[in-house]
Amino acid sequence: QVQLAESGGGLVQAGGSLRLSCAASGRTFSSYTMAWFRQAPGKERELVASISYTGGTTYYADSVKGRFTVSRDNTKNTVYLQMNSLKPEDTAVYYCAVHRRSYFYTTAQSGFGSWGQGTQVVVSS
C-alpha cells in the first residue's frame, strides 16, 4: 500500500509563497493520479488540485486558479504544490492523496484511497 508524507507547510504573510511536497513510497507512483486537498476550520475537505499520472493534465479549483501550480517528478516519487499570492482564506491543513485506480484520471473528489498526514498552512493578514 502507498505511504504518503506531506511537508513544506508553515506560517506566511498574505501575498507570500510556500511550496508543499508529498513523497510517496512504492515503485508504481507514475501510474497514479495524485491530488492535493485542504480542510479549513469550519469547512469540509475540498479538492485543490490534481495531476494526471503522466503529469500532462492538471486541474485547479476556481479559488486557487492562477495562484497555485501542481507538478510531479516521477523519478523522485514526489508531487508538489507551489502556492503563490497566498490569502488568509488559504489557511488550512493540506493533504496529499493518490487515486485508487492506476492509469485513471478524474477531477472528481471521490476515488482517492491513500492519504498523507497533512501539513498545516497558516496565512496571516
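The preceding data block contains the structure.
For clarity, every value in this text was computed on a predicted model and none was experimentally measured.

Criteria and cut-off values
- Residues numbered from 1 in each chain as written.
- Predicted model: local features only at pLDDT ≥ 70, side-chain atom pairs only at ≥ 80, totals over all residues.
- Heavy atoms only, no water.
- Disulfide = S-S within 2.5 Å.
- Helix = DSSP H or I, 4+ residues; strand = E, 2+ residues; numbered from the N terminus.
- Buried < 20%, exposed > 50% of the residue type's maximum accessible area, 1.4 Å probe, protein only.
- Pairing = 2+ DSSP bridges.
- Phe/Tyr/Trp six-rings, centres within 6.5 Å; stacked < 30°, edge-to-face > 60°.

Enquirer: Could you give an account of the state of the cysteines, naming the residues involved and the relevant values?
Expert: Scanning all chains against the criterion turns up 1 disulfide. The side chain of Cys-22 participates in a disulfide bridge whose partner is Cys-96; the two sulfur atoms lie 2.1 Å from each other. Judged by the sign of its S-S torsion, about -80°, the cystine formed by Cys-22 and Cys-96 is left-handed. Taken together, the residues Cys-22 in strand E3 (residues 18-24) and Cys-96 in strand E9 (residues 92-102) connect sequence positions 74 residues apart. Classification of Cys-22 as buried rests on a relative accessible area of 0%.

Enquirer: If you had to explain the pairing of E9 to someone new, which residues and values would you point to?
Expert: Moving residue by residue along a regular strand, the side chains alternate between the two faces of the sheet. Bridge analysis of strand E4 (residues 32-39) against E9 gives 7 bridges, and the strand direction is antiparallel. Its bridge partner being in E9, Tyr-32 is matched across the sheet by Ser-102. In this sheet, strand E11 (residues 119-124) lies alongside E9 in antiparallel orientation, the contact comprising 3 bridges. Of the residues in E11, the one forming a bridge with Ala-92 is Val-121. Two strands pair when backbone bridges link them, and E9 and strand E10 (residues 112-115) are joined in this way by 3 bridges, in the antiparallel orientation. From the neighbouring strand, Ala-97 faces E10, where its bridge partner is Trp-115.

Enquirer: I'd love a proper account of the packing of aromatic side chains, names of residues and values included.
Expert: Within the structure shown, the criterion is met by 3 aromatic pairs. Taking 4.7 Å as the distance between ring centres and 55° as the angle between the ring planes, the aromatic pair formed by Phe-37 and Trp-115 counts as tilted. Taken together, the residues Phe-37 in strand E4 and Trp-115 in strand E10 connect sequence positions 78 residues apart. Overall, Phe-37 belongs to the buried group, its relative accessible area being 2%. Here the aromatic rings of Tyr-53 and Tyr-103 are separated by 5.7 Å at their centres, their planes lie at 75°, and the arrangement is edge-to-face. Of this pair, Tyr-53 sits in the loop between strand E5 (46-51) and strand E6 (58-60) while Tyr-103 sits in the loop between E9 and E10, and the two are 50 residues apart along the sequence. Tyr-53 gets classed as partly exposed once you look at its relative accessible area, which sits at 23%. Through successive ring pairs, a cluster of aromatic residues spans Phe-37, Phe-112 and Trp-115.

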